[in-house]
There are 2 protein chains.
Amino acid sequence: MGNPDYAYPSTNVDCPHRVAIPPPQPFVKSLQYNLKETFFPDDPFRQFKNQPLSRRLILGLQYFFPILEWAPRYTLDFLKADFVSGITIASLAIPQGISYAKLANLPPILGLYSSFVPPLVYAMMGSSRDLAVGTVAVASLLTASMLGNEVNANENPKLYLHLAFTATFFAGVFQACLGLLRLGFIVDFLSHATIVGFMAGAATVVCLQQLKGILGLVQFTHATDLVSVMRSVFSQTHEWRWESAVLGCGFLFFLLLTRYFSKKKPKFFWISAMAPLTSVILGSLLVYLTHAEKHGVQVIGNLKKGLNPPSFGDLVFVSPYLTTALKTGIITGVIALAEGIAVGRSFAMFKNYHIDGNKEMIAFGAMNIVGSCTSCYLTTGPFSRSAVNFNAGCKTAVSNIVMALAVMLTLLFLTPLFHYTPLVVLASIIISAMLGLIDYEAAIHLWHVDKFDFLVCMGAYLGVVFGSVEIGLVIAVAISLLRVLLFVARPKTFVLGNIPDSMIYRNAEQYPNTNNVPGVLILEIDAPIYFANSSYLRERITRWVNEEEDKLRSSGETTLQYVILDMGAVGNIDTSGLSMLEEIKKVMDRRELKLVLANPGAEVMKKLNKAKLIEKIGQEWIYLTVGEAVAACNFMLHTCKQDPPKNDSEAYSNV
Amino acid sequence: MGNPDYAYPSTNVDCPHRVAIPPPQPFVKSLQYNLKETFFPDDPFRQFKNQPLSRRLILGLQYFFPILEWAPRYTLDFLKADFVSGITIASLAIPQGISYAKLANLPPILGLYSSFVPPLVYAMMGSSRDLAVGTVAVASLLTASMLGNEVNANENPKLYLHLAFTATFFAGVFQACLGLLRLGFIVDFLSHATIVGFMAGAATVVCLQQLKGILGLVQFTHATDLVSVMRSVFSQTHEWRWESAVLGCGFLFFLLLTRYFSKKKPKFFWISAMAPLTSVILGSLLVYLTHAEKHGVQVIGNLKKGLNPPSFGDLVFVSPYLTTALKTGIITGVIALAEGIAVGRSFAMFKNYHIDGNKEMIAFGAMNIVGSCTSCYLTTGPFSRSAVNFNAGCKTAVSNIVMALAVMLTLLFLTPLFHYTPLVVLASIIISAMLGLIDYEAAIHLWHVDKFDFLVCMGAYLGVVFGSVEIGLVIAVAISLLRVLLFVARPKTFVLGNIPDSMIYRNAEQYPNTNNVPGVLILEIDAPIYFANSSYLRERITRWVNEEEDKLRSSGETTLQYVILDMGAVGNIDTSGLSMLEEIKKVMDRRELKLVLANPGAEVMKKLNKAKLIEKIGQEWIYLTVGEAVAACNFMLHTCKQDPPKNDSEAYSNV
């Protein structure tokens, strides 16, 4: 190291390091390896190795039912902590459940049913210790808007209800299949930026829907986009009820105040956790005492007492509705998974334990399949509820069991108490929960760090707000995928320069103090060479060479003689790419330039070898590092007039 | 270089090269740069720079009409060569045109019309000197099958004809738009492997369709898949006509024989070029003399004399047919473009001149728009005809003009001669042309070099043969895109080892003689870190670390202390990737491991800086090369007990 001039020790030139062609592997073995890396990157069978059958059976059962693993170690201290957090989340789950069921155009009691059975299933099968199971606003809204296109919930409530169960069933099947088939990575295609934009958009849309409740309107549009909702609201200004509005704004103010307070002093998290239930009790009392239900304040009305009735027989598998239910199930299922898994992972990060995405998917799937047969609709792990659970100090999934039992007691004995609960309070609860989902700071961060991610985020947001939830999602995923494709279709190419006093060559733009090597153009290609970029790379490399020759010509310096391609960042090459390299080689030959490759990786060497391109380029023109390649070029430039090496005389015809 | 032990000169450790953060660029400037690289990689405005307006105008005209550029330099020698090749391709164009028009269920005369006007347009606007313009079998078949779904060509021939013109019009508009909007790279998404499989599939399907002509069947299925055709053929064995079959097989044998002969002796290329016209003449004479048309041998019948009638008024822009025509136009337009541009590029490669893909698209588009208004259907640059043109020694696009004039003379005076031409001869001509498109050697080459490309190729082939042309295309493009996505979603990660007697670190699998560095795990990531792979990379890196620790533990060597990530091949990182790195950093801290980055590129450093991750990782833990990073780690491992550097004491708590 550290030779500023080009008088390298001759060993480097005479005998540089050889670029190895990796030993050939049988096709089946490499296929096996690739399939394992694609579907089992976390190596789940590791612990099964070298174990007797009975032990394997137990491990397998523990894989699907993690409760078997941690229950034996459960202690009384854990129970105390889980009991407190379970009761806390139950107090949040009851009003939220009712609110979100209204949002999904389903009977309010379904919100309670959905907070009873699914948490029990999750407690047995889930691997997160902090997730609190329940319904979520976005999936509820999606259910309403997608099923609403097919069946009117007011005109045909029974069919609508059955469709909702069916959609939940398909969502569960789809989630479980993703997990069983190890396709969990599909959820990864919803990038962080997509989720920020999508959640904010959905929250905006959900808030807009609450204008119906806040203003006490009876007629309301079924569309969810901003324009339709605003038109619907302002076309009936004479129908606005001030009683509703005052009550709604009052409770909203109360809820936001408690949230602000709890955020300032995290010790008092339970204040904001209890606020929704307090609002419901206060609101109900107020209505009961003032008989406001007779003055335009709509109330929940009768809720049936009793536990979840079975609903397996209600699933609709007949033709005209099947596709709607399937579509709704798949889309809501993916959204619910994305939220649930992201939430589970975040809290696992905090507490330093591991969550297996595919295992979680199986748990979510089972929870929704069982839920759809017991009068529940789509559930997942909502962020707000899980955060309260975490803050309340839960230790294991037992907090979900405690919550389920509290909801069970409510279902058995306390439902009549909700008769006078005003709908406007539910609207306030939803709005206050939704405002927390609009993470404008994250959007600003995206703008600062990565403009493309910001575009994805805004695409999702505007798509949801001005189009629909599905449109927003499709836009965001399409832009995200376009980015990946663009990365490959338009790879970066750099000119490399020599970092002074070293044999290191780096991007001349990033390191402005690098020196050019006279007569040698060094290019780095920053992506795999695939069909999608081979034409581009051909054009771009030619352009680099043209520009370099123009520059040298105008400055009257030495002519260009060597073009070194640094292949270090080229992860793979396909047959289109190989043809491109062959063409480049021909073009260079015709222009009396020598093509030199530096640092091709294992995959690339394997392909070059199979396509017999190594012979065409010449094994002696493939170097392990750019430094060695430059050294060799310089050696030729300065010495070959006296003594050209044999078997390669063509290369020096222009020296 | 060349220090086998780790006693590096202290300058490397105390003052290694700093990794530069590229100077910040204004957003608009970097956007401009990226847009230029995406849409104008070939820098078409280069020659316009610093020119007066009049010169720019001339250059602009020359851009759209390359004839203005080369016509002034045209010589008599060129004309001689172009005349010979023009006449040769005309002799091929006339029978092929008639055959392909029959394949498209269009009146045979359209094949002649389409060999008259479009070549004239291309001669003015095209930049290839070797392309011979004409209709192609695959696009003809596609037209028949796609339009046939909407309108039956036998029951409503007029509407069908008008729809074909409309589809051609849309194909032209689409092609020209792609060129004008610089979206030529869309054609690149049809990879070489896709085209091999697709062409072979289409050729198979076209050959199957010829069974109708060869066996003299009157009823035939409209489907193109193997199963339907075979069922249709074998359900009417009693309708087979031996006269047809004998005639067809005879001519097919003759055509294949001449092709074989010309392939053996390229000097006699004209034998196979003239063979189709010879077959037509021989076949017509035979029918005329034996009155075979009365014995079950179908003939072309009357062809109208005269030049192309205008057809602008026939374009159908009304609702029920518009979508069909649009869809057909876009799909056939893309296929035609892909073939035409690939053919143009191949011959330009041979003769060492340059073809501008976007300019060619504009020429193809103009040719088809004009064609659709003058009773032509979709034309492009077919491979077979262009190869004959090239072999015949054409010099410029004037050979297209000669061909067009020859076809014009035929249209004006010679059409009655085709009255007795038997359809079975046309079928033989098509089959013999199609057999040349089934490039099984290319498929074998794909299998040997790249299994995934072989999969794409077979997907296209089987999709076309057993499904339909569109299905095959969709399958192939989907598999190709999946490959690009998989490359990013499941990036390769390697353990690097030290190449003996150097400071170079390379993939230990590719270079089995590399040495591990005790206490240091060096990982290379071989793709950009994007949302699609950030979860995977988190799992995979954790697994590498686990495996390394297990290995060290079982061997009782030193414990793992440093994890170096070689970011040299990481071209970019998005916000999901940044969060992943931050999490990895936290996990490493918790396991008392030190995370070290080596050689992050310009984009990655920019993002790390903006996300403030450089401070979190520590500027002192980011090195320019893996060698320097390892040297620093070793220095710490061996010396820090005496003298830990300040501000970084946490890192050594476990040493």
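All of these numbers come straight from a predicted model, not from anything done at the bench.

(A) How the structure looks around empty space enclosed by the protein. Scanning all chains against the criterion turns up 8 cavities of 30 Å³ or more. Approximately 970 Å³ is the volume found for the largest cavity. Around the largest cavity, the lining comprises 48 residues; the ones closest to its centre are Arg-506, Asn-599 and Thr-625 of chain A together with Arg-506 and Asn-599 of chain B. Broken down by secondary-structure element, the contributors of at least two residues to the lining of the largest cavity are strand E1 (493-498), strand E2 (505-507), helix H24 (602-610) and helix H26 (626-639) of chain A together with strand E2 (505-507), helix H25 (602-610) and helix H27 (626-639) of chain B.

(B) Fine view of the sheet that holds strand E5 (residues 594-598) of chain A. Residue and element names in this part refer to chain A. Read from one edge to the other, the open sheet built from 6 strands follows the order E2-E1-E3-E4-E5-E6, with strand pairing classed as mixed. Either end of the sheet is taken by a strand with one partner, and the two such strands are E2 and strand E6 (622-623). Bridge analysis of strand E3 (residues 520-525) against strand E4 (residues 562-566) gives 5 bridges, and the strand direction is parallel. Its bridge partner lying in E4, Val-520 is registered against Tyr-562.

(C) Up close: the state of the cysteines. Summed over the entire model, instances satisfying the criterion amount to 0 disulfides over all chains. Considering cysteine sulfurs only, Cys-376 of chain A is the nearest to Cys-373 of chain A, which forms no disulfide, with 9.6 Å between them. You can see Cys-249 of chain B has no disulfide; the closest cysteine sulfur is in Cys-207 of chain B, sitting 13 Å from it. What makes Cys-249 of chain B partly exposed here is its relative accessible area of 48%.

(D) Geometry of the interface of chain B and chain A. Taken residue by residue, the interface counts 96 residues in chain B and 96 residues in chain A. Of the roughly 8,200 Å² buried between chain B and chain A, counting both surfaces, carbon and sulfur atoms make up 58%. Linking chain B with chain A are 8 salt bridges. When the shortest N-O distance is used, the salt bridge between Glu-37 of chain B and Arg-543 of chain A registers 3.6 Å. At the junction of chain B with chain A, the criterion picks out 25 residue pairs in polar contact (both at pLDDT 80 or more). Looking at which element gives the most residues to the side of chain B that touches chain A, the answer is helix H23 (residues 531-555) of chain B, with 11 residues. Split by residue class, the side of chain B that touches chain A holds 41 nonpolar, 23 polar and 32 charged.

(E) The relation of the copies chain B and chain A, seen in detail. When chain B is fitted onto chain A, the two copies agree to an RMSD of 0.1 Å after a turn of 180° and an axial shift of 0.0 Å. With respect to symmetry, the two chain copies, as superposed, fit the operation of a two-fold axis. By C-alpha distance to the rotation axis, the residue of chain B lying nearest is Ala-569 of chain B, at 2.0 Å. Of the residues that chain B buries at the interface, 100% are likewise interface residues in chain A, meaning the two copies contact each other through the same surface.

(F) Up close: the packing of aromatic side chains. A full pass over the atoms with the stated rule returns 32 aromatic pairs over all chains. Centroid distance Trp-70 of chain A to Tyr-74 of chain A: 6.0 Å. Interplanar angle 50°. Geometry classified as tilted. Using a relative accessible area of 17% as the deciding quantity, one classes Trp-70 of chain A as buried. According to the relative accessible area criterion, Tyr-74 of chain A is partly exposed, its value standing at 23%. Seen in terms of ring centroids, Trp-447 of chain A and Phe-454 of chain A are 5.1 Å apart; in terms of plane orientation they differ by 70°. Their pairing is edge-to-face. Clustering of aromatic rings is evident, with ring pairs tying together Phe-27 of chain A together with Trp-447 and Phe-454 of chain B. Stacked on the ring of Trp-544 of chain A, the Lys or Arg Arg-540 of chain A has its end atom at 4.4 Å from the ring centre.

(G) Summary view of the sheet that holds E2 of chain B. In spatial order, the strands read E2-E1-E3-E4-E5-E6 (chain B); together these 6 strands make up an open sheet with mixed pairing. Strand pairing shows two members of the sheet lacking a second neighbour, E2 and strand E6 (622-623) of chain B, which therefore form its edges.

(H) Inspection of a nonpolar patch on the surface at higher detail. Taken together, the side chains of Leu-61, Phe-64, Phe-65, Leu-68, Met-124, Leu-180 and Leu-181 of chain A make up a nonpolar region of the molecular surface, amounting to roughly 630 Å² of accessible area. By the element assignment, Phe-65 of chain A lies in the loop between helix H3 (53-64) and helix H4 (67-70).

(I) Highlighting the side chain of Asn-498 of chain B. Residue and element names in this part refer to chain B. Along the polypeptide, Asn-498 turns up in strand E1 (residues 493-498). What makes Asn-498 buried here is its relative accessible area of 4%. A polar side-chain atom of Asn-498 sits 3.3 Å from the main-chain carbonyl oxygen of Ile-504.

(J) Structural view of the UniProt feature "domain: STAS" (unreviewed entry) in chain A. Under the feature "domain: STAS" (unreviewed entry), the UniProt entry names residues 510-633 of chain A. The span residues 510-633 of chain A shows a helical share of 51% and a strand share of 15%, and its end C-alpha atoms are spaced 24 Å apart.

(K) Looking closely at the nonpolar core. Ranked by size, the top nonpolar core spans 117 residues in total, and within it Tyr-100, Leu-106, Leu-110, Phe-198, Tyr-377 and Met-434 of chain A carry the most contacts. Residues in contact with Leu-110 of chain A, not counting those within four places in the same chain, are Leu-161, Phe-165, Ser-375 and Tyr-377 of chain A. In terms of nonpolar packing, the next biggest core, distinct from the first, is built from 116 residues, Ile-94, Ala-193, Met-367 and Val-469 of chain B among them.

(L) How the structure looks around the domain arrangement of chain A. When cut into domains, chain A gives domain 1 (10-26 + 490-652) and domain 2 (68-436). Taken over C-alpha atoms, the centre of domain 1 of chain A sits 59 Å from the centre of domain 2 of chain A.

(M) Broad picture of the pattern of salt bridges. Taken as a whole and judged by the stated rule, the model has 35 salt bridges over all chains. The salt bridge involving Glu-603 of chain A is made with Lys-606 of chain A; its shortest N-O contact spans 3.3 Å. Placement of the pair is Glu-603 of chain A and Lys-606 of chain A together in helix H24, with a separation of 3 residues, close to one helical turn. Lys-551 of chain B is the salt-bridge partner of Glu-548 of chain B, the closest N and O atoms lying 3.8 Å from each other. Placement of the pair is Glu-548 of chain B and Lys-551 of chain B together in helix H23, with a separation of 3 residues, close to one helical turn. Put simply, Asp-450, Asp-453, Arg-483 and Lys-492 of chain A together with Glu-603, Lys-606 and Lys-607 of chain B are held in one network by salt bridges that share partners.

(N) Highlighting the pairing of strand E4 (residues 562-566) of chain B. Residue and element names in this part refer to chain B. Counting buried residues along E4, 5 of its 5 residues qualify, which places the element largely inside the surrounding structure. The alternating pattern of E4 places Tyr-562, Ile-564 and Asp-566 on one face and Val-563 and Leu-565 on the opposite face, and all of these are buried. For the handedness criterion, the β-α-β arrangement of strand E3 (residues 520-525), H23 and E4 is classed as right-handed. Pairing of E4 with strand E5 (residues 594-598), which is carried by 5 bridges, proceeds in the parallel orientation. Across the sheet, Asp-566 pairs through a bridge with Ala-598, a residue of E5. Following the backbone out of E4, through helix H24 (residues 575-590) and into the adjacent parallel E5, one traces a crossover that is right-handed.

Calculation rules
- Note on numbering: residues in each chain are counted from 1, in written sequence order.
- Think of it this way: whatever chain is written first is A, whatever ligand is written first is 1, and the rest follow in order.
- Reporting in this predicted model follows two pLDDT cut-offs: at least 70 for local features of residues, and 80 or more for side-chain atom pairs to be given and counted; totals over whole chains, interfaces and linings ignore these cut-offs and use all residues.
- The basis for every side-chain value is the complete set of non-hydrogen atoms in the structure, without hydrogens or water.
- A cavity, in this analysis, means grid points on a 1 Å lattice covering only the protein atoms where a 1.4 Å probe fits yet has no way out; a pocket is instead an open set bounded by protein on both sides within 12 Å along at least five of seven lines, and a residue lines either one if it has an atom within 4 Å of a point.
- Grid points are joined across faces, edges and corners, and a volume is the space filled by probe spheres set on the points.
- Every helix listed is a DSSP run of H or I at least four residues long, and every strand listed is a run of E at least two residues long, numbered separately from the N terminus.
- Two strands qualify as a pair provided that DSSP identifies no fewer than 2 bridges between them.
- For the purposes of this analysis, a disulfide is any pair of cysteine sulfur atoms at a distance within 2.5 Å.
- Only protein chains enter the accessibility calculation, which uses a 1.4 Å probe; a residue whose area is less than 20% of its type maximum is buried, one above 50% is exposed, and one in between is partly exposed.
- Whether two residues are in contact is decided by their heavy atoms: any pair within 4.5 Å suffices.
- Reported buried area values correspond to the accessible surface (1.4 Å probe) lost by two parts on association, with both partners' losses combined.
- A pair is scored as a salt bridge if a Lys or Arg side-chain nitrogen falls within 4 Å of a carboxyl oxygen belonging to Asp or Glu.
- Here a polar contact is taken to be a pair of N or O atoms separated by no more than 3.5 Å, where protein atoms must pair a possible hydrogen donor with a possible acceptor and residues adjacent in sequence count only if both atoms sit in side chains.
- We call Asp, Glu, Lys and Arg charged. Ala, Val, Leu, Ile, Met, Phe, Trp, Tyr, Cys and Pro are nonpolar, and the rest, Gly among them, are polar.
- Superposition of the copies was done by least squares, using only C-alpha atoms of residues whose pLDDT is at least 70 in both.
- Classification of ring pairs rests on two measures: the distance between centres of Phe, Tyr or Trp rings, Trp counted by its six-membered ring, which must be within 6.5 Å, and the angle between planes, read as stacked under 30 degrees, edge-to-face over 60 and tilted in between.
- Any Lys NZ or Arg CZ that is within 6 Å of a ring centre and within 35 degrees of that ring's normal is treated as a charge sitting over the ring.
- Patch definition: residues with relative accessible area over 30% and no salt bridge; like charges joined within 9 Å; nonpolar side chains (Val, Leu, Ile, Met, Phe, Trp, Tyr) joined within 5 Å.
- Residue exposure ignores everything except the shown protein chains as possible cover, and the areas themselves are Shrake-Rupley values with a 1.4 Å probe.
- UniProt positions are given in the numbering used here, feature names are shortened, and annotations may be inferred rather than shown by experiment.
- For the purposes of this section, nonpolar cores are sets of buried Ala, Val, Leu, Ile, Met, Phe, Trp, Tyr and Cys residues that join through side-chain atoms within 4.5 Å.
- These domain limits were set by an automatic method or by a database of domain assignments.
- Handedness is read with the strands pointing away from the viewer; a crossover is right-handed when the path from the first strand over the helix to the second is clockwise.

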